[in-house]
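# Commentary on secondary and tertiary structure
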Amino acid sequence: MGGYHLVMKYLQSNYKRYSVYLFCFLAASVPLMICSKSSPLYPFNDWPDVNMFFTMGKGMLKGRVPFVDLQEQKGPYVYAAGGIAYLISHTGFEGYFLFELASMFCFALYSFKTIRLYTGKPVLWVLPVLCAGIVSAKSFVHGGSLEELSLGIFAYAIYSLLLFYKEDKPMSAATLALNGMWAGILFWSKFTLLGLYMVWVVMFAFHIAIRRKDMRELLRSLGIFLGAMMAMAIPWFVYFGLNGAIGDWLKAYLWDNIFGYAEWGNSSAWEKVWVAVSNMLHSLKDKENRTYSALVAVGGLFYVCCPKRYVSREEKFAVGFMGLAMGIGIFIGETKHDYYGLPLAVFSMFGGLGLVICFGKMAEWLQNKLKKAAVPLYGVFVAIIISVCTYAGFRVSSNTYLLFVEKDQMPQFRFADIIKRSADQSVLNYGFLDGGFYTVLDQVPSERAFCILNRNPDEMLAEQNTYVQEGRTHFVVTWKAQTVTEEELRKLPVVSEYYELVEFLYFEFEGDLRTYALYERKE
C-alpha cells in the first residue's frame, strides 16, 4: 500500500506536466494518423523517396554498403533511420510513422514551451491548429520526409536558444551537447538543412562574447557544441573505413551533391541568394501551404512588432536570421521540390503565440469555467478542438484519398502477388524512382542502380539498360507519368526486346493517373 500511495502522490504532484505531454501527444498523433501515408490506417506509403531510404537501410542491415553496392544520394543517418524502421516492420512503414510521431510530438511540446516563455495564458488549445496545419500542407507530401522528421529538432533548437536569452546564464553542457549532436546528424543526413544551426551557434556565441564578455564560457560552450557535432561523423568514418569506402561516401554525398545535383550556373553569390530567397517565398506563398505559412507570416509580423520589454531585439534578430538562413540553405542550389519548404513550418509556432495572445482572455475564461464545471467537460472541449482540426486536415490533405483503398488495388501488392508465384523473384525497378516494390517483396536489390535518381538519370538508365539486356533479374517493373496503352507498353524500348508484359495497372499518384507495368523475362 505504501508503494501505491507513493505512486499516486507522484502522479498528483506531476499532474500538470503529464497532462501537457498527453495533450501534445494527442495534438500530434491524431492529425498525423489521418494525413500521413505511413500511418497504420493507410494500405501503404507509395512515396518513392521514403521507399528509397527504406531500401538503403534494409540493404545496410543485410551487408550492402551505400554508395558502393547501392547507389543513392542522401547521408548515412537517413539510411540508419530506414534500417531501424525495417527492424520494426519489414514490409510497411510503422517504424517511419513512429519517427514522424516523435518529431511532431517534439514540435508540439517545444512550441508549447516556446510560447510559454512569452505568456502565461492558455496555450494547449493552439497546438492542434499548428500540427494539423503542417500535416495537411502540400509540403508535407506523403509523410516520412527528412524535412518532416527535422521539425522536432528545429523546434528544440529555437526553444533552447530563446530560453538561453531569457535566463541569461550559461547553457548547460547537456543542452549544448544535444544541439551539437542534432546539428551533426543533420549535416550527415542532408547538409542543406544546417542553415538554422549555423545562425544558432553564431547568435549564441555573439551573446556570450559581446553581451556577457565571458571568453572562458565561450570556449567551453563552443567546444562542447562542436565536439558533439563532429562526434556524429565518427561512426560513419569507422563503418565506411572498415568497408574501404570512405572515398565513395564523401564523393557521392558531398562532392556530387554540391557540384552534380545543385544547379549553380554562372550566377554570382548574391544572385544565388536572391533566387534562394525568391524560392523560399514562393514555397510559403503556395496556396496549398497556407495552412502553416499564414501562421508563419502572422507570427513573424507579431514577433517583430512586439515591444522590446517582451521580445528583445536580440531574440528578434535570432529568429529572423534563423528562418532566413534555413530558407537560403534549403533553396541555394535552385533545385526545388514540394517538400523542401516544410522545415520553415517550424516558425508557425510564433503564429501560435500571436493567436494565444489575441484570444488568450477568451481561452482563459473558457478554461476556468470548464474546469470549475467538471474535468470531464474540459476533456470534451479538448477532444472537440483536436477533432475539428483533424477533420480540417482530412479535408485539405492530398493524401487522404488513399485511406479508402484496399491493398490489392495498389500496383505494389498486385504485382507482388504475381512475382511471388515464380521460383525466381528477382526484380528491377526500371526507369523511375523506387516505387515500393522492393519494400512489399522484402527484397534487397541485386543491382547497384536499383532505381533512377534525380541526379545523373541518363547515366543510371544506361546502366539499367545493361541489366535488362543481360537479363539479370527475372522481373522488371516500370512506371509512366501518364496513362499508356497496352500496345505502347508491349513496344517499350529496350525492355520489350528481352521481357514480355505480364500485367499493367493505372493508379492515382499525386493527383494524376500513372501507369505501372510488370514484365517477365523471355525464356
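Predicted model, so just to flag it, every value in this text is computed and none were measured. (Residues numbered from 1 in each chain as written. Predicted model: local features only at pLDDT ≥ 70, side-chain atom pairs only at ≥ 80, totals over all residues. Heavy atoms only, no water.)

Inspection of every chain in the model, using the stated rule, returns 43 aromatic pairs. Between tryptophan 188 and tryptophan 249, the ring centres sit 4.9 Å apart and the planes meet at 45°, which makes this aromatic pair tilted. Remark: tryptophan 249 occurs in helix H13 (residues 246-261) and tryptophan 188 occurs in the loop between helix H9 (173-187) and helix H10 (195-212); sequence separation between them is 61 residues. The pair tryptophan 188 / tryptophan 249 is uniform in exposure class, with both members buried. Their ring planes at 15° and their centres at 5.8 Å tell us that phenylalanine 432 and tryptophan 479 sit as a pair that is stacked. Pair noted here: phenylalanine 432 is in the loop between strand S1 (427-429) and helix H21 (437-441) and tryptophan 479 is in strand S2 (residues 475-480), with a separation of 47 residues, a long-range link. (Phe/Tyr/Trp six-rings, centres within 6.5 Å; stacked < 30°, edge-to-face > 60°. Helix = DSSP H or I, 4+ residues; strand = E, 2+ residues; numbered from the N terminus. Buried < 20%, exposed > 50% of the residue type's maximum accessible area, 1.4 Å probe, protein only.)

Before going further, it helps to spend a moment on the pairing of S2. Pairing of S1 with S2 involves 3 bridges; the strand directions are parallel. Counterpart to leucine 428 in the pairing with S2 is valine 476. Pairing of S2 with strand S4 (residues 512-521) involves 6 bridges; the strand directions are antiparallel. If you follow phenylalanine 475 over to S4, its bridge partner there is glutamate 520. (Pairing = 2+ DSSP bridges.)

Two strands pair when backbone bridges link them, and strand S3 (residues 499-509) and S4 are joined in this way by 10 bridges, in the antiparallel orientation. If you follow phenylalanine 504 over to S4, its bridge partner there is alanine 517. In this antiparallel pair of consecutive strands, S3 and S4, the connection spans 2 residues, and glutamate 510 shows a positive phi of 50°.

Turning next to the sheet that holds S1. With respect to topology, 4 strands assemble into an open sheet ordered S1-S2-S4-S3, the strand pairing being mixed. Each end of this open sheet is capped by a strand with a single partner; those strands are S1 and S3. Sheet twist, expressed as the average angle between the axes of neighbouring strands with direction ignored, equals 20°. Helix-sheet contacts for helix H22 (residues 457-470) involve S1, S2 and S3, and the interaxial angle to S1 is about 155°. (Axes fitted to C-alpha atoms, helices over the stretch in contact; angles between N-to-C directions. Contact = heavy atoms within 4.5 Å.)

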